Every structure is written in structure tokens, then in C-alpha cells.
Amino acid sequence: MPYEKTWTLVGALRFELEQEIPLSKESSIPIREAKIFAEILRRIPVGSSGLYKIAGEMSFEFVPQENRPEWERRIKAHESSARAQEDGPFQKMEKLFGFWSSDGGGAHTTIDYKTVIEQGLKGVCAKIQRELNGASDSKREMLAAMEISLKALPEFAKRYENPLCSRVPWEPASSFAEGLQCIWLLNIGIAVSEQSSASISLGRLDQYLFKLYSADLEKGIPETELESQLADFLKML
């Protein structure tokens, strides 16, 4: 996800939201994290460069010129705070030995894309509601946090005003293009939650998208068009 200052923006937003949504007896850690995640998706600058049909670009370039000085101030506040904090284990390893103990390579997270493509996040949230019955207090907090986070993604998708986002990720994907869009939105969610695009792993894309691909071919959509949709998706990675 090579966009200008994307992760700097995410870091600055998280820094601000940690002040806005402090830990308290009324707000558990899972609920607080879910609220922070949802707010980042509401506030991160989004737009379209016109280079891709699939929606999902986040970048400093989408900040209006008149708002850029304010964003620069917010970024500097975050960076100053980060420098003032005591080094964590990775920073200490780098200073002692000159390298990081982990390079943060790709493929750390592979989720159940097939279920979301076939049921939508609406189906996943329905399962969460069923799980709430008889759940312990701690499990209820975790499930509630999951639901907040999952419901934030469809709202985030609407910000792009792209036809491909009119159904996914809340509803099941009805075409190959929607399936690809759904996957990308899910990956944005993972990346924002972990503050790193290195978490992206597609798993067996050929298996969980095959039904949609075959169905589009049966509808008469040319194979070259489907190939173009896949190429457009891969350019976003």
C-alpha cells in the first residue's frame, strides 16, 4: 500500500484518539481499541487517484491544500511524542545489534475471506449476535468490540462513493469485481488495525473467488475483462 504518508497519518490519528478515548473502568481495552479503529477509518483522508477501478486509496495527497498545515502539525505532534517515549524491545535490538529482530515481512495474517465473500460482514455480525447469548462478561466485551470494528468497515467503504462498494463488504459479493473489492477493504482493515501494510496475505485467492469468476464467465463477461479486474486489484497491493 505505497501511498504518501499513509501510516504516518494512521499513527497521528491513533495518537490523538488515545487521548480522546482514554482507558477507564467503563471502557474495556477491546472496546476502546474497536472505537479507536472505527474512528481512524472515519477520519483518515481517502480519495481516488484515478489509477484504479477498485476503491481503497488513503493518502496525504487527498488532504485539501488548506488543511495540510494543520495535518502537518498533528503529524509532528505524534512524531515528537514517539521520540520522547522509551525504546521498546525492537528499538533496543536495533541500537545494540544494528538490525531489527523482525523485518515485518508480508503474510502474517490470513483471514477467512471465503466466509465474508459468501455471507458478507452482515453474516459475520449475525454470528456474533448468536454468540452473545450465554457468553461470559469478558467474552461479551470481546464480541462487542468485534462488532464495532466490523460495522466500521462498510461505513468506511461508503466514503469512496464507488459502485463496487455499494454492497461489499456488508453484503455478500455478487461478482468477481465485488469479490476483489471486498478482499481489498478487509485488508485495509487489517493493515489499519496493525498500523502496517506488511500484514497482507491473500491466502488461496484462486479457490475462494473461483465461483464468482465462473459465474461472471457464464453471464458473458469476457475473460479479458476479468483478467483486467484482477490485474487492477494486484496493482493495489
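Look a little higher up for the structure.
Residues numbered from 1 in each chain as written. Predicted model: local features only at pLDDT ≥ 70, side-chain atom pairs only at ≥ 80, totals over all residues. Heavy atoms only, no water.

Chemist: Quick one: what's the story with the pattern of salt bridges, residue by residue and with numbers?
Modeler: For the structure shown, the criterion picks out 16 salt bridges. Between E70 and R73 there is a salt bridge, with its nearest N and O atoms 2.6 Å apart. Taken together, the residues E70 and R73, both in helix α3 (residues 68-84) and three residues apart, mark about one turn of the helix. Assessed through its relative accessible area of 38%, E70 is described here as partly exposed. Given the relative accessible area of 48%, R73 is considered partly exposed. R167 is paired through a salt bridge with E178; the nearest N and O atoms lie 3.4 Å apart. (Salt bridge = Lys/Arg side-chain N within 4 Å of Asp/Glu carboxyl O. Helix = DSSP H or I, 4+ residues; strand = E, 2+ residues; numbered from the N terminus. Buried < 20%, exposed > 50% of the residue type's maximum accessible area, 1.4 Å probe, protein only.)

Chemist: Could you give an account of the nonpolar core, with specific residues and numbers?
Modeler: Formed by 60 residues in total, the largest nonpolar core has its most connected members in I117, F156, I183 and L209. The dominant element in this core, judged by the number of residues it contributes, is helix α7 (residues 176-194), at 10 residues. Excluding residues within four positions of it along the chain, I183 makes contact with Y113, I117, L202, L205, Y208, L209 and F233. (Core = buried A, V, L, I, M, F, W, Y, C linked by side-chain atoms within 4.5 Å. Contact = heavy atoms within 4.5 Å.)

Chemist: Go over the packing of aromatic side chains, please, and point to the residues and values.
Modeler: Enumeration over the complete set of coordinates arrives at three aromatic pairs. Judged by centre distance (5.3 Å) and plane angle (75°), the ring pair of F176 and Y213 falls under edge-to-face. Of this pair, F176 sits in helix α7 while Y213 sits in helix α9 (residues 210-218), and the two are 37 residues apart along the sequence. A relative accessible area of 5% means that F176 is categorised as buried. Across the ring face of F60, the terminal group of K5 is positioned such that the distance to the ring centre comes to 4.4 Å. Directly above the ring of W71 sits R74, whose terminal nitrogen or CZ lies 4.0 Å from the centroid. (Phe/Tyr/Trp six-rings, centres within 6.5 Å; stacked < 30°, edge-to-face > 60°. Lys NZ or Arg CZ within 6 Å of the ring centre and 35° of its normal.)

Chemist: Tell me what's going on with α7, and back it up with residues and numbers.
Modeler: Here α7 spans 27 Å end to end across 19 residues, near enough to the 27 Å set by a 1.5 Å rise per residue. Among the 19 residues that make up α7, 17 are buried, leaving the element largely enclosed by the rest of the structure. The first or second residue beyond α7 is Q195, which carries a positive phi of 55°. (Expected span 1.5 Å × (residues − 1).)

Chemist: Before we move on, can you summarise the state of the cysteines with the specific residues and values?
Modeler: The full count for this structure, using the stated rule, is zero disulfides. Considering cysteine sulfurs only, C165 is the nearest to C182, which forms no disulfide, with 9.9 Å between them. Assessed through its relative accessible area of 0%, C182 is described here as buried. (Disulfide = S-S within 2.5 Å.)

Chemist: Describe helix α2 (residues 29-43), and please don't skip the residues or the numbers.
Modeler: The periodicity of an α-helix, 3.6 residues per turn, causes residues three or four positions apart to be oriented the same way. When the terminal C-alpha atoms of α2 are compared, their 21 Å separation across 15 residues agrees well with the 21 Å that a helix rising 1.5 Å per residue should span. Buried residues of α2: I31, R32, A34, I36, F37, A38, E39, I40 and L41, and no others. Those residues of α2 hidden inside the fold are in contact with α1 (6-20), α6 (137-158) and α7.

Chemist: Tell me about the packing of α7 against helix α10 (residues 223-236), residues and numbers included.
Modeler: Interhelical geometry of α7 versus α10 gives an angle of 10° and a closest axis separation of 10 Å. Relative to α10, the element α7 is oriented roughly parallel. Of α10, the residues touching α7 (which contributes F176, A177, L180, I183 and W184) are L226, Q229, L230, F233 and M236. Taken together, the residues of the contact of α7 with α10 sort by class into nine nonpolar, one polar and no charged. (Axes fitted to C-alpha atoms, helices over the stretch in contact; angles between N-to-C directions. Parallel < 35°, antiparallel > 145°, perpendicular 65-115°, else oblique. Nonpolar A, V, L, I, M, F, W, Y, C, P; charged D, E, K, R; others polar.)

Chemist: Describe unusual backbone geometry, naming the residues involved and giving the relevant values.
Modeler: The residue after V168, namely P169, is reached through a cis peptide bond having omega 5°. Tracing the backbone shows P169 in the loop between α6 and α7. With a phi close to 50°, E161 is a non-glycine residue in the positive phi region. With relative accessibility at 73%, the residue E161 sits in the exposed group.

Chemist: Quick rundown of the environment of P163? Include the residues and the values.
Modeler: Assignment of secondary structure puts P163 in the loop between α6 and α7. When the C-alpha positions of P163 and E178 are compared, they lie 9.3 Å apart, and in sequence the two are 15 residues distant.

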